[in-house]
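Residues per chain are reported as follows:
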Amino acid sequence: MSVNSDINQEGSEYFKENLSNYLNLSRGLHISKKNVLITRSMEMSVYIISEILLNAGDIVVVASLSYFSVNMIFQKSGAHILQVTD
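Residue positions within a chain follow its written sequence, with the count starting from 1. The model is predicted, so local features are restricted to residues of pLDDT at least 70 and side-chain atom pairs to those at 80 or more, both for listing and for counting; the totals for chains, interfaces and linings are taken over all residues. Working from all heavy atoms in the structure, the side-chain values ignore hydrogens and water.

Enquirer: I keep staring at the packing of helix H2 (residues 42–53) against helix H3 (residues 68–76) and nothing clicks. Help me out?
Expert: When two helices pack together, their arrangement is given by the angle between the helix axes and the distance between those axes. Orientation is described by lines fitted to C-alpha atoms, with helices fitted over the stretch in contact, and by angles between N-to-C directions that extend from 0 to 180 degrees. Secondary structure elements are taken from DSSP: a helix is a run of H or I of four residues or more, a strand is a run of E of two residues or more, and numbering for both begins at the N terminus. Axis separation between H2 and H3 bottoms out at 10 Å; the angle between their running directions is 20°. Classed by the angle they form, the pair H2 and H3 counts as roughly parallel. Once H2 is placed against H3, the crossing between them reads as right-handed. Across the interface between the two elements, Met42, Glu43, Val46, Tyr47, Ser50 and Glu51 from H2 touch Ser69, Val70, Ile73, Phe74 and Lys76 from H3. Any angle between 65 and 115 degrees counts as roughly perpendicular, while under 35 counts as roughly parallel, over 145 as roughly antiparallel, and the rest as oblique. When the near helix sits turned anticlockwise from the far one by under a right angle, the crossing is termed left-handed; a clockwise turn instead gives a right-handed crossing. Note on contacts: a residue pair is in contact if any heavy atoms of the two residues lie within 4.5 Å.

Right, dumping it as structure tokens:
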């Protein structure tokens, strides 16, 4: 399967521009569209964040009813999962 070279693999520039403007106005951030990363799923977002922020042995607190796939991503990063109940 080949990748269509006409498709922007980095996400819509229009969307990223408007999202950065929204975040600047509503959240007080000072970012541009270059600071926005668009992913295809919540799992991909969590994977990227966990690879950047987590170190082996870190503790991640999750609810007892949480996403199995996200917990597996945390474990793959070497983190220890601590489940808490409501």
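Enquirer: Hey, could you run me through the environment of Val46 in this one?
Expert: Of note, Val46 is situated in helix H2. Burial classes follow relative accessibility: with a 1.4 Å probe on protein chains only, a residue under 20% of its type's maximum area counts as buried, one over 50% as exposed, and anything between as partly exposed. You can call Val46 buried: its relative accessible area is 17%. In this view, Val46 contacts Val70, Ile73 and Phe74; residues no more than four positions away in its chain are not counted.

Enquirer: Can you help me understand the pairing of strand S2 (residues 80–84) in this one?
Expert: Look at any regular strand and the pattern is simple: side chains alternate between the two faces of the sheet. Whether two strands pair comes down to DSSP finding at least two bridges between them. Bridge analysis of strand S1 (residues 59–63) against S2 gives 5 bridges, and the strand direction is parallel. Within S2, the residue paired with Ala63 across the bridge is Val84.

Enquirer: How do you make sense of the environment of Ser50 when you look at a structure like this?
Expert: Relative to the elements of secondary structure, Ser50 occurs in helix H2. Considered as a pair, Ser50 and Ile73 are 23 residues apart in the sequence and their alpha carbons are 7.6 Å apart. Each residue touching Ser50, except ones within four places of it in the same chain, is listed here: Ile73, Phe74 and Ser77. We define a polar contact as two N or O atoms separated by no more than 3.5 Å, with the added condition that, inside protein, one atom must be a possible hydrogen donor and the other a possible acceptor, whereas residues neighbouring each other in sequence contribute only through side-chain atom pairs. Within the structure, the side chain of Ser50 is placed 3.2 Å from the side chain of Ser77, a separation counted as a polar contact.

Enquirer: Where do I start with a nonpolar patch on the surface in this structure?
Expert: Patch definition: residues with relative accessible area over 30% and no salt bridge; like charges joined within 9 Å; nonpolar side chains (Val, Leu, Ile, Met, Phe, Trp, Tyr) joined within 5 Å. Per-residue and other accessible areas follow the Shrake-Rupley method at a 1.4 Å probe size, with only the shown protein chains counted as cover for residues. Counted as salt bridges are all cases of a side-chain nitrogen of Lys or Arg within 4 Å of a carboxyl oxygen of Asp or Glu. A grouping of Ile59, Val61, Leu82 and Val84 is seen on the molecular surface, where their side chains present a nonpolar patch of about 360 Å² in accessible area. Breaking the nonpolar patch down by element, the ones donating at least two residues are S1 and S2. Mapped onto the elements, Ile59 comes out in strand S1. When its relative accessible area of 61% is taken as the criterion, Ile59 is described as exposed.

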